[in-house]
Amino acid sequence: MTSLSSRPDPAPGFPERLWRVVGAVSVRTKILGIVLGLVLLLGLGITAQVRVTLTQTLERQLQEQSISIARDVAARATDLILVNDVFGLFQLLRETQENNSDLRYAFVVDTEGRVLAHTFGPGFPAGLLEANAVVAQAHHQIKMLITDDGPVWDTAVPIFDGRAGVARIALSEAGLRRAVDATTGQLLITTVLVSIIGITAAGFLTWLLTRPIVTLATAANAVAKGDLSQQVRRWADDEIGDLSSAFNSMTDSLAKAGEERAEREQLRERYVKAVIAAQEDERKRIARELHDGTSQSITSLMIGLRALGDCGNEEMKRRAEELRGVATRTLDEVHALSLQLRPSVLDDLGLAAAVERYVADCRKRTDITFDLAMRGLDDQRLPSEVETAVYRIVQEAITNVLRHARASAASVMIERRDGALRAIVEDDGQGFEIATAGKADQRLGLFGMRERAELLGGTLTIESQPGRGASIFIEIPTGDGRWDSGRHTEAVE
């Protein structure tokens, strides 16, 4: 067979991790983030779209302007070239540059490729003539050139259909870029202002939405801690208002149910106390009757049988002796039953003497080794209900050891100190599962033990595992702190 080994859970995917991060953020932050994200996305998207569209539009306008200026220069330079007026060409180019701030350069070339006039000052840039040559039969030729001053649109227009030369001018994109940057800046400023307004509006909106939710959460935490007097004010007639009303109805119902439960618990506690007290009184009465009435009758019967045997024949003596043995065993059983019902030593001498006598009786009736230790019990008698409860709990715990534990040794320790009475009953038996304790018939006594301890404001704790024995811890407050560690009663087998 192939053994199946457990595999670790797979790591969560990205959507699950993202949802965990988003889910850990407060509602207010989510709303603010959504509003800010939408405003920024819309503002930046519009800004980018306007920038691209405006750039394309201005570039077309710049190209058209470059062509128009170049044609105007070509038309006005025709007569000047025909009459060979070079100075007039310089004047024309200088005037054109002064009238157009974006014009970076202009020059006129004759049909032989010689520069007749230009705006470059003392020197003409090398290689500029070949950068944009007019194609034959073309009305104009426009190209973007990269210069030291940035990109320019170079336009070449033939003069007099190319028979008088070529006019070339170049317009810079600097103005275009400034216009685009200015428009972009204005759009970004508008986006920031809209974001501020949106965040302010979203903050006010989230305050309206989350304030009742936060109030509900605070009230719910208080209810979870037991404060059922919490009431939430209805903020508006919307879904959150309905939720507030439902919460108030719930707390009212819980408070009413808590009051009814507390009343039932008080009635149950009084009833259980009365039942236990009546049970102990009845046991005391029956034990007294067995001890005083039945025991005396059996004793009188034994005396009569002895007298009858002394005055009869041998057969009568033998039968009388047998009847005396039966009466003796019956008397012992009556004494044992009376002790189990209510040991008189518990009322006369107190808890320590009663437990010591009960443990001594268990040692006689079983092979289990019992260790007994008691400290601080001989300073002052405890209240009767405390002594009775602890005695019954210890008695029930030892009875469970005798009946079910299959133990070879057990120990009982009772200690009084620091205003509390503590008792521990341990055994090395077969143990049991605490989770199922009380579900079986043989564990019903555990409920009675815990009930007796809780009625006196105490606690009962059980520790056990199958095969490792069991331990029962009882602690009941006594309302004092007197304990002399030097005085104790201890009996060890």
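This part covers the pattern of salt bridges. Under the defined criterion, the tally for this structure stands at 11 salt bridges. With its nearest N and O atoms 2.8 Å apart, the salt bridge here joins D361 to R365. Separated by four residues within a single helix, D361 and R365 lie in helix 9 (residues 351-365), roughly one turn from each other. D361 sits in the partly exposed class, given a relative accessible area of 24%. Judged by relative accessible area, R365 falls into the partly exposed class, the value being 48%. As a salt-bridge pair, E475 and R422 come within 3.3 Å of each other at their nearest N and O atoms. Residue E475 is located in strand 10 (residues 470-477), and its partner R422 is located in strand 8 (residues 420-427); the two are separated by 53 residues in the primary sequence. Look at R422 and you get partly exposed, because its relative accessible area is 22%. One salt-bridge network, held together by shared partners, links E59, E173 and R177.

What follows concerns helix 2 (residues 27-82). Spanning 56 residues, helix 2 covers 82 Å between terminal C-alpha atoms, matching the ideal 82 Å at 1.5 Å per step. Of all the bends in helix 2, the greatest measures close to 30 degrees and is centred on R76. Positive backbone phi, approximately 60 degrees, marks N84, located one or two places after helix 2.

The pairing of strand 6 (residues 369-375) with strand 7 (residues 409-417) spans seven bridges and is parallel. If you follow F370 over to strand 7, its bridge partner there is A410. For the crossover from strand 6 across helix 10 (residues 384-405) to strand 7, the handedness is left-handed.

Conventions used here
- Residues numbered from 1 in each chain as written.
- Predicted model: local features only at pLDDT ≥ 70, side-chain atom pairs only at ≥ 80, totals over all residues.
- Heavy atoms only, no water.
- Salt bridge = Lys/Arg side-chain N within 4 Å of Asp/Glu carboxyl O.
- Helix = DSSP H or I, 4+ residues; strand = E, 2+ residues; numbered from the N terminus.
- Buried < 20%, exposed > 50% of the residue type's maximum accessible area, 1.4 Å probe, protein only.
- Expected span 1.5 Å × (residues − 1).
- Bend = angle between axes of the 7 residues up to and from the residue.
- Pairing = 2+ DSSP bridges.
- Right-handed = clockwise from strand over helix to strand, strands pointing away.

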